[in-house]
Amino acid sequence: MDPWSDWIKAACLPSHCNCEAVRADWIAQPSAFWSSIFYFVALAATWIRIRQKSVALRIWIINFGILALSSHFAHGSMTEVAMACDFAAICWLLLTPGLTRAIANRIHPIAVFASIPIGFLLLAWGFFGAGKLLKIGLALLTFMISILDHWIHEPTRIKDPGFIKAIGILIGAFALFLWDESKLNCEPTSWVQGHTLWHLGSAWAIYEYSIWRFGKST
């Protein structure tokens, strides 16, 4: 049974998605779907580890949660709206530190929290219908913008081992993402996919970054 049959399929279908086979079922890609739980594990670990629950941390946690939910939605349904949400959530989280810094002490926290879903949905709308290469390219551009923002505003802190470790893990995980996208040594029905390892690695990288970003206030 395919509950998503009436939805617009992901733009990468039928043959340009990642390695894992897409099933006509409630969960289209089981390996990618269930491995998305790593994001929730990293989110919970971050929340437990950081004792001082600042407004900035709460914004970060909410956007991290949006990423986790969007990943489940994307791999559960493999629909275009879900894939748009997935890439929008990635970019939204990448932009969060810079946006939080820009609006600090300028906008009331209630207005900030109210704007979170609006910003995310606008990004998702922008990604809807875009090709896979364009989606990946825009995500990489957003990553570079975020790195530039850190380099401009925190040139000393980004030399800390915690930041370097987070970026190193993320780059390694992204290499696995690209390997999976290339479909080299692809086993479509395997429960261990390059994309599975991408979820694990990126969740770990986000956790390490979160500790670096907010751990100084513990």
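Now for a look at the structure at hand. (Residues numbered from 1 in each chain as written. Predicted model: local features only at pLDDT ≥ 70, side-chain atom pairs only at ≥ 80, totals over all residues. Heavy atoms only, no water.)

### A few points about unusual backbone geometry
For step 1, the next point in the chain: Geometrically, the link from Leu 13 to Pro 14 is a cis peptide bond, its omega value of 15 degrees lying close to zero.
For step 2, the next point in the chain: Tracing the sequence through the fold places Pro 14 in the segment before helix H1 (30–35).
For step 3, the next point in the chain: Within the chain, Met 78 stands out as a residue other than glycine whose phi angle is a positive 50 degrees.
For step 4, the next point in the chain: Residue placement: Met 78 occurs in the loop between helix H3 (55–77) and helix H4 (80–103).
For step 5, the next point in the chain: Looking at Met 78, the relative accessible area reads 2%, which means it is buried. (Helix = DSSP H or I, 4+ residues; strand = E, 2+ residues; numbered from the N terminus. Buried < 20%, exposed > 50% of the residue type's maximum accessible area, 1.4 Å probe, protein only.)

### Topic: the state of the cysteines
For step 1, the next point in the chain: Scanning the entire structure with this criterion turns up two disulfides.
For step 2, the next point in the chain: Each disulfide pairs two cysteine sulfurs, and for Cys 12 the partner residue is Cys 17, the sulfurs being separated by 1.8 Å. Given an S-S torsion of about 85 degrees, the disulfide between Cys 12 and Cys 17 has right-handed geometry.
For step 3, the next point in the chain: You can call Cys 17 buried: its relative accessible area is 6%.
For step 4, the next point in the chain: Here Cys 19 connects covalently by a disulfide to Cys 186, the sulfurs 2.0 Å from one another. Torsion about the S-S bond of the Cys 19 and Cys 186 cystine: about 100 degrees, corresponding to right-handed handedness. With a gap of 167 residues between them, Cys 19 in the segment before H1 and Cys 186 in the loop between helix H7 (161–182) and helix H8 (194–214) connect regions that are remote in the sequence.
For step 5, the next point in the chain: Taking the relative accessible area as the measure of exposure, Cys 19 reaches 8% and is therefore buried.
For step 6, the next point in the chain: Of the residues examined, Cys 186 reaches a relative accessible area of 23% and is grouped as partly exposed.
For step 7, the next point in the chain: Here the disulfide map of the protein chain reads 1-2, 3-4, the bonded cysteines being numbered as they appear in the sequence. (Disulfide = S-S within 2.5 Å.)

### Regarding the layout of surface pockets
With a probe scaled to a water molecule rolled over the atoms, the places where space remains empty come into view.
For step 1, the next point in the chain: Approximately 830 Å³ is the volume attributed to the largest pocket.
For step 2, the next point in the chain: Breaking the lining of the largest pocket down by element, the ones donating at least two residues are H3, H4, helix H6 (132–153), H7 and H8.
For step 3, the next point in the chain: In terms of residue count, H6 provides more of the lining of the largest pocket than any other element does, nine residues in total.
For step 4, the next point in the chain: Considered class by class, the residues forming the lining of the largest pocket number 30 nonpolar, nine polar and five charged. (1 Å grid on protein atoms, 1.4 Å probe; cavity = no way out; pocket = protein on both sides within 12 Å on 5 of 7 lines; lining within 4 Å. Points joined across faces, edges and corners; volume = space filled by probe spheres on them. Nonpolar A, V, L, I, M, F, W, Y, C, P; charged D, E, K, R; others polar.)

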